[in-house]
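Letter by letter, the chains look like this.
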Amino acid sequence: MPNVLVVNPRLEARDVQGLLTMARAAPGKLTFGSNGMGTGQHLIGAQFEKEGHVKLLHVPYKGSGPLTTDLLGGQIDMSFDTITPVLAHIQSGKLRALAVTTNKRSAALPDVPTMEEAGLKPFDMGTWFGVLAPAAVPKEVVQRLNAEMVKIIRSPDFSRRMAEIGAVPIGDSPAEMQARIGADTANYAKLVKEAKVAIN
């Protein structure tokens, strides 16, 4: 699921470069909300700061509900949340979407550029969901569960429902899922170190 950079419309920035200009003019003044310390949204914000050479003020929340409420109310300036909790507000004009954080545009927001299209390279970060089982589960059971779940994930009904909320079905094999976890763990560890992300 792509995450999306959204801002409160009171900000003058109409695009990512305009937002970066504002942030550079007032280091540490513009605020971004996340679902909590160390979450994907927090790390995407850190990546934005790193690639954009800006300093923002991180405001952690306990979930998308209070985060979105404060974003709509103007208590914070922006967020990097998943598309689902903010899509209706973008469509109504209550929030302004500036870019999606994956390297492909979202079918739910086809007119919104990617971060890379907006000038921040490299930038390909999103949120994915998976199913895990204890390590002791027999391999043949894991394979059977995977096969049945992939059938559902690739079904027209599931794909249609995911598209409605801005998600893209994947349907990895167990080996692909393991590789995805390993790659993301390494990439995020590198970002945490380079951006000096703290969770205290």
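Before going into details, it helps to say that this report is about the structure given with it. (Residues numbered from 1 in each chain as written. Predicted model: local features only at pLDDT ≥ 70, side-chain atom pairs only at ≥ 80, totals over all residues. Heavy atoms only, no water.)

Observations regarding the overall build of the protein chain
Turning to step 1, where the next piece is worked out: Looking only at helices and strands, the protein chain features seven helices and five strands.
Turning to step 2, where the next piece is worked out: For the protein chain, the sequential pattern of α-helices and β-strands runs β-α-β-α-β-α-β-α-β-α-α-α.
Turning to step 3, where the next piece is worked out: Along the longest, intermediate and shortest principal axes, the C-alpha atoms of the protein chain span 60 × 35 × 30 Å.
Turning to step 4, where the next piece is worked out: Per-residue burial for the protein chain yields a buried fraction of 40% across its 200 residues.
Turning to step 5, where the next piece is worked out: Across the protein chain, every contact between residues at least 6 apart in sequence was considered, and the portion connecting residues at least 24 apart equals 66%. (Helix = DSSP H or I, 4+ residues; strand = E, 2+ residues; numbered from the N terminus. Buried < 20%, exposed > 50% of the residue type's maximum accessible area, 1.4 Å probe, protein only. Contact = heavy atoms within 4.5 Å.)

Notes on the pattern of salt bridges
Turning to step 1, where the next piece is worked out: Taken as a whole and assessed by the stated rule, the structure comprises 10 salt bridges.
Turning to step 2, where the next piece is worked out: A salt bridge links Lys50 to Glu51; the nearest nitrogen and oxygen atoms lie 3.1 Å apart.
Turning to step 3, where the next piece is worked out: Overall, the relative accessible area of 31% leaves Lys50 in the partly exposed class.
Turning to step 4, where the next piece is worked out: Two residues, Lys190 and Glu194, come together in a salt bridge whose shortest N-O distance is 2.8 Å. Linking Lys190 with Glu194, this pair stays in helix 7 (residues 174-194), spanning four residues, or about one helical turn.
Turning to step 5, where the next piece is worked out: Glu194 gets classed as partly exposed once you look at its relative accessible area, which sits at 39%.
Turning to step 6, where the next piece is worked out: Several salt bridges share partner residues, and in doing so they unite Lys50, Glu51, Lys190 and Glu194 into one network. (Salt bridge = Lys/Arg side-chain N within 4 Å of Asp/Glu carboxyl O.)

Description of a nonpolar patch on the surface
Turning to step 1, where the next piece is worked out: A surface patch of nonpolar side chains, about 320 Å² in accessible area, is lined by Val131, Val141, Leu145 and Met149.
Turning to step 2, where the next piece is worked out: A residue is classified by how much of its surface remains accessible, and Val131, at 57% relative accessible area, is exposed. (Patch = residues over 30% accessible without salt bridge, like charges linked within 9 Å, V, L, I, M, F, W, Y side chains within 5 Å. Areas by Shrake-Rupley, 256 points an atom, 1.4 Å probe, with all protein chains shown as cover.)

Side note on the packing of aromatic side chains
Turning to step 1, where the next piece is worked out: Following the criterion strictly, the structure yields two aromatic pairs and no others.
Turning to step 2, where the next piece is worked out: When the ring of Phe32 is compared with that of Phe80, the centres are 5.6 Å apart and the planes differ by 80°; the resulting orientation is edge-to-face. In this pair, Phe32 sits in strand 2 (residues 31-34) while Phe80 sits in the loop between strand 4 (78-79) and helix 4 (87-92), placing the two residues 48 residues apart along the sequence. The burial state of Phe32 is the same as that of Phe80; both residues are buried.
Turning to step 3, where the next piece is worked out: Summarising the aromatic geometry, the rings of Phe48 and Phe80 are spaced 5.3 Å apart at their centres and angled 50° between planes, so their arrangement reads as tilted. In this pair, Phe48 is assigned in helix 2 (residues 40-52) and Phe80 in the loop between strand 4 and helix 4, connecting sequence segments 32 residues apart. Like Phe80, Phe48 is buried.
Turning to step 4, where the next piece is worked out: Three or more aromatic residues joined by ring pairs make a cluster, and in this case those are Phe32, Phe48 and Phe80. (Phe/Tyr/Trp six-rings, centres within 6.5 Å; stacked < 30°, edge-to-face > 60°.)

Thoughts on the pairing of strand 2
Taken residue by residue, a regular strand's side chains alternate between the two faces of the sheet.
Turning to step 1, where the next piece is worked out: What you see with strand 2 is no split at all: Thr31 and Gly33 on one side and Phe32 and Ser34 on the other are buried throughout.
Turning to step 2, where the next piece is worked out: Two elements, strand 2 and strand 3 (residues 57-60), share four bridges in a ladder whose sense is parallel. From the neighbouring strand, Ser34 faces strand 3, where its bridge partner is Pro60.
Turning to step 3, where the next piece is worked out: Handedness of the β-α-β unit built from strand 2, helix 2 and strand 3 comes out right-handed.
Turning to step 4, where the next piece is worked out: Judged from the two bridges that link them, strand 2 and strand 4 form a sheet pairing that is parallel. Each bridged residue has a counterpart across the sheet, and for Gly33 the counterpart in strand 4 is Ser79. (Pairing = 2+ DSSP bridges. Right-handed = clockwise from strand over helix to strand, strands pointing away.)

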